[in-house]
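Each chain, written out:
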Amino acid sequence: MNPLGPRGHERAPRIRVRHPRFPWPSALAALAVATWFLFFTDPELQSFYQVPGILFSQEAMFSLLAIFILLMLFDLRRFQHRASLQKRDLKRVNEQMDELWNRNRDLQIKAHTYSGHADKLKLFISDKLLEYIEYDEKFLHFKGIAAEVRHNGVISFDKVQTALLRAAEQARGQSVETAGTANEQGKMRDDSLNDFDNALAAMRYLWDLLDLSTADNLALHIGNLLCECEEHYCQRLLNPDSDNELPYEPTFDPRHAAWRALGLVRPDPPPLTTTTPPAADSEDTATRQHPDDGDGATDRPPALSSVYALDDEQWHVRLGAAGELLGNENHLVLLLDNLLKNAQFFSRKHSSKRGIPNISFSLEETQGQTVFRVYNRGPHIQEDDRERLFQLGYSTRRSRDHHGRGLGLYFVNEIVKAYEGHIHVRNIHNVDARYQLDIELENGQTLTHTAEVMVQDGRPVCLVDEADDEKVECRAETGDPTTRDSQGWTLPGPARHIDVSADHSPQPRRLSGFEGKGKQDFPDPAHPERPHWRISYQARRRNPRLTFEPLNINGVEFEVRIPTAQHRLDSGETALEEDMDAEVERLEQRFGHPLR
């Protein structure tokens, strides 16, 4: 193994150290001088080799000595030059060796560091493996406990249900006997009957929760139930006159389930069974929610009479009529209960405006789909959270006094999947808009004012022209527009009605029914679930005051779509016929002759 690493040969020093060369010229000159002296001192050699005498003259001797000295100087200079080159080469070699050693030392430090990290990673993985093994053991342990609880729960549930049914039947019989009497004893029996019915409903809901929590696969468990319900539903449609009773009711009213879910999250739950909209019957509420109705409930839309409605400081609820759903009503109650509790938690993070609810809950049917919408004015959902929102154990709730367990939205998603529905989560944003207020006064005079709304730092504000606002006109004379939380005008007389139209929705909304004294608030009637604006009318003896206030609608909306029982039946038959036709055509092409 190369100690320098896989590319060590590329990093090794490649400098060739130049060595000093042997002084050949001066050595040969010295040999020539020695030979000359030998011949000069021995005349016999001169005569034997017949050397010319001129070579031993004084001039020849000086010339030979000069040549020898020059060659010595030449070799000395060349030696010094080669020595300096050698010294430079050695210096570069030493530098590269130092660099190589430093690099090797860094590599050793990195190797030790990575080795430490690898040891820590191995320790972490081994710890996690032990945790998972322990988790599996705990899971199996709790699964065994859950099975035991389920077994004992069935026995206990049957006993409690039988006792409650017997008590309710007895109370119902006594209530029939005392029907028509208004004494205190009869009222107590009616209250007892309601208590028994509520206790039965609570017990069945609790049992269904236990049933779901101990199921291996939530969606599959509910899906199997839906298949059985669909079969009973079809039997009832095919044999409407049959005397055979179904083992259980395969469908339920989604509006009733939504109303029950609402009762679970409110401190003062509304009645579980109602045939008239409790809040819509209130004249005050109808006038506030539908100010264009003028004289009150007599001009309300006919559809409102079949809507469960509720309005208070926190809630705006409109539950319209929708088709029946297959399955167990308690499963839908669990789904909506989690969405509503989630909305309650996050809506507390928003400071509410007076008279503007923080939560909106609606139900309607669209193209065979039952559509639930739950909106709250809480903070937006981040993109990183959106992908993990419905994962088991993941929760966006992080507060000092509450830590989410990541079960609620997981249950919601599993139930929606079982119903073959869809769930969408969207962030609601404020938008820029321009509103026109056409005001008709009691004396017949008409006025027109405009309100420019822009989003500044995430919240809507009015872009006020100083010439159009009395307060601004008094305080500043710069002529530049400015922004305010609201915009107001003083009217020359009492208003008869006000038509408000927006640039993105030119159809005007009429506000009327202004009182002669006090202050009245009129929220945006075009968006009762989350009003975009509010107009306040301050009645005065001579000059009433009108204030336009844009409202912050930033928030989050969950939309759940579930096919109705009838839609599942219709779409299933259509899909089957289409699939069969396509399959016959494919077989005809495959075998080359028509199938009959």
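Residues numbered from 1 in each chain as written. Predicted model: local features only at pLDDT ≥ 70, side-chain atom pairs only at ≥ 80, totals over all residues. Heavy atoms only, no water.

Topic: the overall build of the chain
Then, in step 1: From N to C terminus, the chain includes 13 helices and 18 strands.
Then, in step 2: When each of the 596 residues of the chain is scored for burial, the buried share is 36%.
Then, in step 3: For the chain, the share of sequence-separated contacts (at least 6 apart) that also reach a separation of at least 24 residues comes to 65%. (Helix = DSSP H or I, 4+ residues; strand = E, 2+ residues; numbered from the N terminus. Buried < 20%, exposed > 50% of the residue type's maximum accessible area, 1.4 Å probe, protein only. Contact = heavy atoms within 4.5 Å.)

A closer look at unusual backbone geometry
Then, in step 1: Phi at Gln50 is positive, roughly 55°, even though this residue is not glycine.
Then, in step 2: Mapped onto the secondary structure, Gln50 falls in the loop between helix 3 (43-49) and helix 4 (58-177).
Then, in step 3: Located in the positive-phi region is Asp457, a residue other than glycine, with phi close to 55°.
Then, in step 4: Looking at the secondary structure, you find Asp457 in the loop between strand 9 (446-456) and strand 10 (459-464).

Observations regarding the layout of surface pockets
Then, in step 1: Quantified by volume, the second largest pocket comes out at close to 740 Å³.
Then, in step 2: Considering the residues around the second largest pocket, the lining is formed by 29 residues, among which Arg204, Asp208, Asn328, Glu329 and Asn330 are closest to the centre.
Then, in step 3: Elements with a contribution of two residues or more to the lining of the second largest pocket: helix 4, helix 5 (184-213), helix 6 (218-238), strand 1 (251-252), helix 7 (254-265) and helix 9 (329-347).
Then, in step 4: In terms of residue count, the dominant contributor to the lining of the second largest pocket is helix 5 (nine residues).
Then, in step 5: Residue composition of the lining of the second largest pocket, grouped by class: nine nonpolar, 11 polar and nine charged. (1 Å grid on protein atoms, 1.4 Å probe; cavity = no way out; pocket = protein on both sides within 12 Å on 5 of 7 lines; lining within 4 Å. Points joined across faces, edges and corners; volume = space filled by probe spheres on them. Nonpolar A, V, L, I, M, F, W, Y, C, P; charged D, E, K, R; others polar.)

What to know about the packing of aromatic side chains
Then, in step 1: Taken as a whole and judged by the stated rule, the model has 16 aromatic pairs.
Then, in step 2: Residue placement shows Arg255 over the ring face of Tyr308; its charged tip is 4.4 Å from the ring centre.
Then, in step 3: The ring of Tyr375 carries Arg530 above its face, with NZ or CZ at 5.0 Å from the centroid. (Phe/Tyr/Trp six-rings, centres within 6.5 Å; stacked < 30°, edge-to-face > 60°. Lys NZ or Arg CZ within 6 Å of the ring centre and 35° of its normal.)

Points about the pattern of salt bridges
Then, in step 1: Counting across every chain of the model gives 24 salt bridges.
Then, in step 2: When the shortest N-O distance is used, the salt bridge between Arg568 and Glu230 registers 3.5 Å. Linking Arg568 in helix 13 (residues 565-591) with Glu230 in helix 6, this pair joins segments that are 338 residues apart in sequence.
Then, in step 3: We classify Arg568 as buried; its relative accessible area is 12%.
Then, in step 4: Glu230 sits in the partly exposed class, given a relative accessible area of 23%.
Then, in step 5: The closest approach of N and O atoms between Lys341 and Asp337, which form a salt bridge, is 3.3 Å. Of this pair, Lys341 and Asp337 both sit in helix 9, four residues apart, roughly one helical turn.
Then, in step 6: In this structure, a network of salt bridges that share partners links the residues Glu364, Arg373, Arg426, Arg530, Glu557, Glu559 and Arg561. (Salt bridge = Lys/Arg side-chain N within 4 Å of Asp/Glu carboxyl O.)

Examining the side chain of His232
Then, in step 1: Considering the arrangement of structural elements, one finds His232 in helix 6.
Then, in step 2: For His232, a relative accessible area of 13% puts it in the buried group.
Then, in step 3: Beyond its immediate chain neighbours, meaning those up to four positions away, His232 contacts Leu246, Pro247, Tyr248 and Pro250.

A short note on the UniProt feature "transmembrane region" (unreviewed entry) in the chain
Then, in step 1: UniProt feature "transmembrane region" (unreviewed entry): in the numbering of this structure it lies at residues 21-40 and 60-79.
Then, in step 2: From the first C-alpha to the last, residues 21-40 spans 32 Å; its make-up is 85% helix and 0% strand.
Then, in step 3: Structurally, residues 60-79 comprises 100% helix and 0% strand, and the distance from its first C-alpha atom to its last is 28 Å. (UniProt positions renumbered as here; feature names shortened; annotations may be inferred.)

Section: the state of the cysteines
Then, in step 1: The full count for this structure, using the stated rule, is zero disulfides.
Then, in step 2: Free of any disulfide, Cys227 has its nearest neighbouring cysteine sulfur in Cys229, separated by 9.3 Å. (Disulfide = S-S within 2.5 Å.)

Overview of the nonpolar core
Then, in step 1: If you look at the biggest cluster of nonpolar residues, it comprises 54 residues, and the most contacted ones within it are Leu332, Leu335, Phe361 and Phe558.
Then, in step 2: For this core, the element with the most residues is helix 9, which contributes eight residues.
Then, in step 3: Once you skip the residues sitting within four places of it in the chain, Leu332 turns out to touch Phe252, Pro254, Ala257, Leu325, Phe372 and Ile562.
Then, in step 4: Within the second largest apolar cluster, 25 residues are counted, among which are Ala495, Ile498, Leu511 and Trp533. (Core = buried A, V, L, I, M, F, W, Y, C linked by side-chain atoms within 4.5 Å.)

As for the sheet that holds strand 6 (residues 369-376)
Then, in step 1: Strand order in the open sheet formed by six strands is 2-3-5-6-18-7, with mixed pairing between adjacent strands. The open sheet has two edge strands, strand 2 (308-311) and strand 7 (422-428), and neither has a second partner. When strand polarity is set aside, the average angle formed by the axes of neighbouring strands in this sheet is 15°.
Then, in step 2: Summarising the sheet, strand 3 (residues 315-319) and strand 5 (residues 359-366) pair through five bridges and their orientation is parallel. By the bridge assignment for strand 5, Trp315 is matched with Ile359.
Then, in step 3: Across the sheet, helix 7 lies against strand 2, strand 3, strand 5 and strand 6, angled at about 165° from strand 3, the strand it touches most.
Then, in step 4: Along the sheet, helix 11 (residues 408-418) makes contact with strand 7 and strand 18 (555-563), crossing strand 7 at roughly 130°. (Pairing = 2+ DSSP bridges. Axes fitted to C-alpha atoms, helices over the stretch in contact; angles between N-to-C directions.)

Quick word on the packing of helix 7 against helix 9
Then, in step 1: Two numbers describe how helix 7 lies on helix 9: the axes approach to 8 Å, and their chain directions differ by 45°. When the interaxial angle is binned, helix 7 and helix 9 end up oblique. Crossing handedness for the pair helix 7 and helix 9: right-handed. Of the residues in helix 9, those touching helix 7 at Pro254, His256, Ala257, Ala258, Arg260, Ala261, Leu262, Leu264 and Val265 are Glu329, Asn330, Leu332, Val333, Leu336, Asp337, Leu340, Lys341 and Gln344.
Then, in step 2: Partitioning the contact of helix 7 with helix 9 into residue classes produces 11 nonpolar, three polar and four charged. (Parallel < 35°, antiparallel > 145°, perpendicular 65-115°, else oblique. Left-handed = near helix turned anticlockwise from the far one by under 90°.)

With respect to the sheet that holds strand 16 (residues 533-539)
Then, in step 1: Read from one edge of the open sheet, four strands run 12-17-16-15, paired in antiparallel fashion. Of all the strands in the sheet, just strand 12 (487-490) and strand 15 (518-523) have a single pairing partner and so form its edges. Recorded for the sheet is a direction-independent mean angle of 15° between the axes of neighbouring strands.
Then, in step 2: Relative to strand 17 (residues 545-550), strand 12 runs antiparallel, the two sharing four bridges. From the neighbouring strand, Thr490 faces strand 17, where its bridge partner is Arg545.

A look at helix 7
Then, in step 1: For helix 7, which comprises 12 residues, the first-to-last C-alpha distance of 17 Å matches the rise-based estimate of 16 Å (1.5 Å per residue) to within 8%.
Then, in step 2: Among the 12 residues in helix 7, 10 count as buried, and that is most of the element.
Then, in step 3: Among all positions of helix 7, only Pro254, Arg255, Ala257, Ala258, Trp259, Arg260, Ala261, Leu262, Gly263 and Val265 are buried.
Then, in step 4: Measuring from the side-chain oxygen of the N-cap residue of helix 7 to the backbone nitrogen of Arg255 gives 3.0 Å; that N-cap residue is Asp253. (Expected span 1.5 Å × (residues − 1). Polar contact = N/O pair within 3.5 Å; in protein donor to acceptor, adjacent residues only side chain to side chain.)

Digging into the pairing of strand 6
Then, in step 1: Taken across its eight residues, strand 6 has eight buried, putting it largely inside the fold.
Then, in step 2: Judged from the eight bridges that link them, strand 5 and strand 6 form a sheet pairing that is antiparallel. Within strand 6, the position partnered with Thr366 by the bridge is Gln369.
Then, in step 3: Where strand 5 folds back on strand 6, the antiparallel hairpin that results is connected by two residues, among which Gln367 adopts a positive phi of roughly 50°.
Then, in step 4: Sheet topology places strand 6 next to strand 18; eight bridges connect them, and they run antiparallel. Bridge assignment links Val374 to a residue of strand 18, and that residue is Phe558.

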